[in-house]
Amino acid sequence: MGREKGRMKSTKHSDGYDDQGISREGDDADHSVHASPSSKSDQARLFTSNEDWMSALYRRHLARSRKTAWAVRSTQGLLLILFFGLWEAAGRNRWIDVLLFSYPSKLLDQLWRTLLDGSLLPHTGVTVMETAVGFVLGTLLGTAIAALLWWFPFVSRVSDPYLVVLNSMPKVALGPLFIVGFGPGLMAIVATTLSVTVIITTLSIYNRFREVDAGYVKVVRLFGGTRWQTFRHVILPDSFATIVATLKVNVGLAWVGVIVGEFLTSKSGLGYLIIYGFQVFNFTIVLSSLLVIAVVATVMYQIVAALEHRLTRRRRER
Amino acid sequence: MKPLLELRGVIHVYVGDQGANLAVEGLDLSISRGQFISLVGPSGCGKTTVLSLLAGLLLPAKGEVLIDGETIRRPSAKIGYMLQQDYLFPWRSILDNATIGLELSGRKTAEGIAYVRSLLHELGLGEAESRMPYELSGGMRQRVALARTLATEPEVLLLDEPFSSLDLQIKLQLEDLVWKTLRSLGKTAVLVTHDLAEAAAMSDTVIVLARNPGRILTRFDMPEEMRAALPTEARRHPSFQHMYDLIWEKLESGHGKGEGADEIDKA
């Protein structure tokens with residue numbers, strides 16, 4: 001309650017501030033609230049009763065949205081419990097083939113053991129590292145190529161059909177080529193990951209570059225700005241939000257590249273664990289690795305999303 | 001007196017995939033220092049083309065465009081251009097927007113910033129300098145755009161319908177402000193507008209253009225008293241309506257003459 005009051009007060013305060021700062025300049029002054037002080041006490045009474053009524057409306061709105069939020073959360077929790085509970089029951093009672101599907105307590109046991117014997121974390125670390133390198137490098141490289149295409153329209157026109165073909169191709173199919181080219185190991189995995197992320201990054205950022213309003217470019221040209229200045233002062237900052245959003249998309253894509261890369265050639269990593277578990281027909285390893293991937297990928301995505309939120313906060317207020 | 005701006009036999013042709021289009025033809029015009037000129041005419045008469053030629057954004061296919069006797073080949077600091085929309089960079093504060101011209105030409109010195117601050121202050125934006133563009137109203141934003149244009153201290157200001165996107169009341173206020181500011185700084189100005197009243201109220205000379213191809217039809221010099229008055233006062237001047245009617249008639253006659261009414265606008 002106290003907090004709500006405080007919030008209402010602060011909103012009002014900032015409105016008052018706006019009145020002072022902007023309306024005094026004489027443009028869009030809206031003085032209707034302060035108008036005609038015919039009977040000051042009347043006005044004051046009206047104002048307080050209005051305020052009470054409005055804060056009641058606001059409280060009701062808050063209560064309703066809290067209720068909805070709680071309903072959503074509890075349904076989500078229930079579904080999760082139901083899923084794992086059913087799985088556990090189905091496994092223990094042999095309703096499903098345990099060899100293939102395992103069950104949650106076995107997965108947790110597996111994870112706990114590997115965590116203690118120190119084999120789980122190195123695998124996770126390798127995969128996380130490869131993924132991070134993949135999505136950061138992929139975004140940077142894609143942005144750099146997009147800048148190149150923007151800078152040289154001729155290059156852009158020439159490369160257009162090639163980019164279309166490359167983009168349509170399932171890039172992971174190039175995996176064997178990377179292994180042959182870079183030798184089995186980290187380089188081949190990163191290359192596979194980049195092949196997944198770079199092309200789509202290039203295309204979407206280059207498209208964003210071209211959508212920059214010609215008026216902004218004209219402003220820079222009129223001041224005698226160079227092409228580099230146009231890029232630095234208009235194209236890049238105007239596309240910034242898209243570049244950061246692409247970083248987020250690339251987190252997901254990088255996981256595809258890394259896991260496939262590890263399937264193909266690796267002695268470590270979560271992708272390797274999955275393939276290994278599959279080969280020895282131990283699906284507890286496969287599924288527990290999947291569980292780790294789900295958790296780690298979510299955490300990584302949330303971190304990047306929070307980063308995006310921070311970086312674009314000032315612009316979103318538009 | 002030697003003219004500051006000069007167009008000599010200027011012809012401009014737009015060449016595209018559809019073919020070559022004659023945009024303006026046989027333009028001869030000289031504008032002396034401190035003058036306020038308006039260009040009016042139907043759409044497709046090449047108003048904006050003339051402005052782009054003066055700004056050095058376009059090079060004439062034939063003829064010469066001169067400032068101070070020198071051919072204009074590219075945009076220069078001598079010429080400022082105010083666009084139809086403010087085009088303030090949303091990621092820069094008001095002060096940073098106003099100083100962008102100085103920054104681009106490597107002149108963002110303490111002195112330059114102080115000058116921009118004083119400009120903002122004169123334009124009634126003194127307290128807004130650390131705000132972001134989205135916090136400002138349309139009229140304020142257009143004033144920031146004016147400060148941005150004046151920041152590099154150009155001799156000539158090209159105004160490309162800078163008031164057309166504003167509400168009437170703010171537009172009138174801004175007309176006065178721009179007029180006063182340019183007058184006090186002794187700037188030369190070329191205004192492109194489709195609003196005849198605005199042209200008559202603000203300028204010393206109104207030039208009427210005809211279209212297909214764009215060419216100068218005639219010029220009207222405003223009476224001395226109207227020139228000296230603020231635009232809002234000029235609008236109330238006894239001869240205002242008369243001048244307005246003259247320009248209107250000329251525009252109408254030029255419009256109907258020699259070209260089919262159903263001809264497509266080549267904007």
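Residues numbered from 1 in each chain as written. Chains lettered and ligands numbered in written order. Predicted model: local features only at pLDDT ≥ 70, side-chain atom pairs only at ≥ 80, totals over all residues. Heavy atoms only, no water.

Going by what an unreviewed UniProt entry lists, chain B is known as ABC transporter ATP-binding protein and is assigned to Paenibacillus mendelii.

Our next topic: the domain arrangement of chain B. Residue and element names in this part refer to chain B. Under the domain assignment, chain B is made up of domain 1 (5–78 + 154–253) and domain 2 (88–152). Taking only C-alpha atoms, the centre of domain 1 and the centre of domain 2 are 25 Å apart. Counting from both sides, the interface comprises 13 residues of domain 1 and, opposite them, eleven residues of domain 2. Both sides together, the interface formed by domain 1 and domain 2 hides about 980 Å², and carbon and sulfur atoms give 77% of it. In this structure, the connection of domain 1 to domain 2 is made through zero salt bridges. Linking domain 1 with domain 2 are one residue pair in polar contact (both at pLDDT 80 or more), by the criterion used here. Partitioned by chemical class, the residues of the side of domain 1 that touches domain 2 number eleven nonpolar, one polar and one charged. (Domains from an automatic or database assignment. Contact = heavy atoms within 4.5 Å. Buried area = accessible area lost by both parts, 1.4 Å probe. Salt bridge = Lys/Arg side-chain N within 4 Å of Asp/Glu carboxyl O. Polar contact = N/O pair within 3.5 Å; in protein donor to acceptor, adjacent residues only side chain to side chain. Nonpolar A, V, L, I, M, F, W, Y, C, P; charged D, E, K, R; others polar.)

Moving on: unusual backbone geometry. Residue and element names in this part refer to chain B. Put simply, N212 and P213 share a cis peptide bond, and its omega is -15 degrees. By the secondary structure assignment, P213 is in the loop between β9 (205–210) and β10 (215–221). Even without a glycine there, the phi angle at D68 is positive, about 55 degrees. Looking at the secondary structure, you find D68 in the loop between β4 (62–67) and β5 (70–71). When its relative accessible area of 25% is taken as the criterion, D68 is described as partly exposed. (Helix = DSSP H or I, 4+ residues; strand = E, 2+ residues; numbered from the N terminus. Buried < 20%, exposed > 50% of the residue type's maximum accessible area, 1.4 Å probe, protein only.)

All names here are of chain A. For the pair helix α10 (residues 227–264) and helix α12 (residues 283–311), interaxial distance at closest approach is 9 Å and the crossing angle is 170 degrees. If you check the angle between α10 and α12, you find them roughly antiparallel. Residues F240, V244, A245, L247, K248, V251, W255 and I259 of α10 form the contact with α12, whose own contacting residues are I293, V296, A297, M300, Y301, V304, A305, L307, E308 and L311. Within the contact of α10 with α12, the residues separate by chemical class into 16 nonpolar, no polar and two charged. (Axes fitted to C-alpha atoms, helices over the stretch in contact; angles between N-to-C directions. Parallel < 35°, antiparallel > 145°, perpendicular 65-115°, else oblique.)

Further remarks concern the packing of helix α11 (residues 270–279) of chain A against α12 of chain A. Residues and elements named next belong to chain A. Remark: α11 packs on α12, axes separated minimally by 7 Å, with the N-to-C direction vectors making an angle of 160 degrees. Viewed along their axes, α11 and α12 adopt a mutual orientation that is roughly antiparallel. By crossing handedness, the relation of α11 to α12 is classed as left-handed. Packed against α11, whose contacting residues are L270, L273, I274, Y276, G277 and F278, the element α12 presents F283, I285, V286, S289, L290, V292 and I293 at the interface. For the contact of α11 with α12, the residue count by class is eleven nonpolar, two polar and no charged. (Left-handed = near helix turned anticlockwise from the far one by under 90°.)

The next point concerns the sheet that holds strand β2 (residues 19–31) of chain B. All names here are of chain B. Reading across the sheet, the four strands line up as β2-β1-β4-β5 and stay open at both edges, with antiparallel pairing between neighbours. Two strands in the sheet have a free side with no partner beyond their single neighbour: β2 and β5. Where strand β1 (residues 5–16) meets β2, nine bridges bridge the pair, whose relative direction is antiparallel. Bridging across to β2, Y14 finds its partner in N21. Along the sheet face, helix α1 (residues 47–55) touches β1, β2 and β4 and points at about 115 degrees away from the line of β1. (Pairing = 2+ DSSP bridges.)

UniProt's feature table lists "domain: ABC transporter" (unreviewed entry) at residues 5–236 of chain B, given in the numbering used throughout. Along residues 5–236 of chain B, the helical share is 34% and the strand share 28%, with 31 Å between the first and last C-alpha atoms. (UniProt positions renumbered as here; feature names shortened; annotations may be inferred.)

On to the packing of aromatic side chains. Under the definition given, this model contains 16 aromatic pairs over all chains. Their ring planes at 55 degrees and their centres at 5.8 Å tell us that F83 of chain A and W87 of chain A sit as a pair that is tilted. Remark: W87 of chain A and F83 of chain A occur in helix α2 (residues 40–92); sequence separation between them is four residues, near one turn of the helix. Look at W87 of chain A and you get buried, because its relative accessible area is 17%. Plain terms: the ring middles of Y216 of chain A and W91 of chain B are 6.1 Å apart, the flat faces sit at 55 degrees to each other, and that makes the pair tilted. You can see Y216 of chain A sitting in helix α9 (residues 214–222) and its partner W91 of chain B sitting in the loop between β6 (79–82) and α2 (94–98), one on each of two chains. The exposure class of Y216 of chain A is buried, given its relative accessible area of 14%. Owing to a relative accessible area of 14%, W91 of chain B belongs among the buried residues under this scheme. Lying across the ring of W150 of chain A, R227 of chain A places its NZ or CZ 4.3 Å from the centre. Sitting over the ring of W151 of chain A, R227 of chain A keeps its end group 5.9 Å from the ring centre. (Phe/Tyr/Trp six-rings, centres within 6.5 Å; stacked < 30°, edge-to-face > 60°. Lys NZ or Arg CZ within 6 Å of the ring centre and 35° of its normal.)

So, on to the sheet that holds β9 of chain B. All names here are of chain B. Strand order in this open sheet of six strands is β6-β7-β8-β3-β9-β10, and the pairing throughout is mixed. Edge positions in the sheet fall to β6 and β10, since each of these pairs with one other strand and no more. Averaged over all neighbouring strand pairs, the angle between strand axes comes to 20 degrees, with direction disregarded. This element, helix α5 (residues 138–151), spans β6 and β7 (156–160) of the sheet and lies at about 165 degrees to β6.

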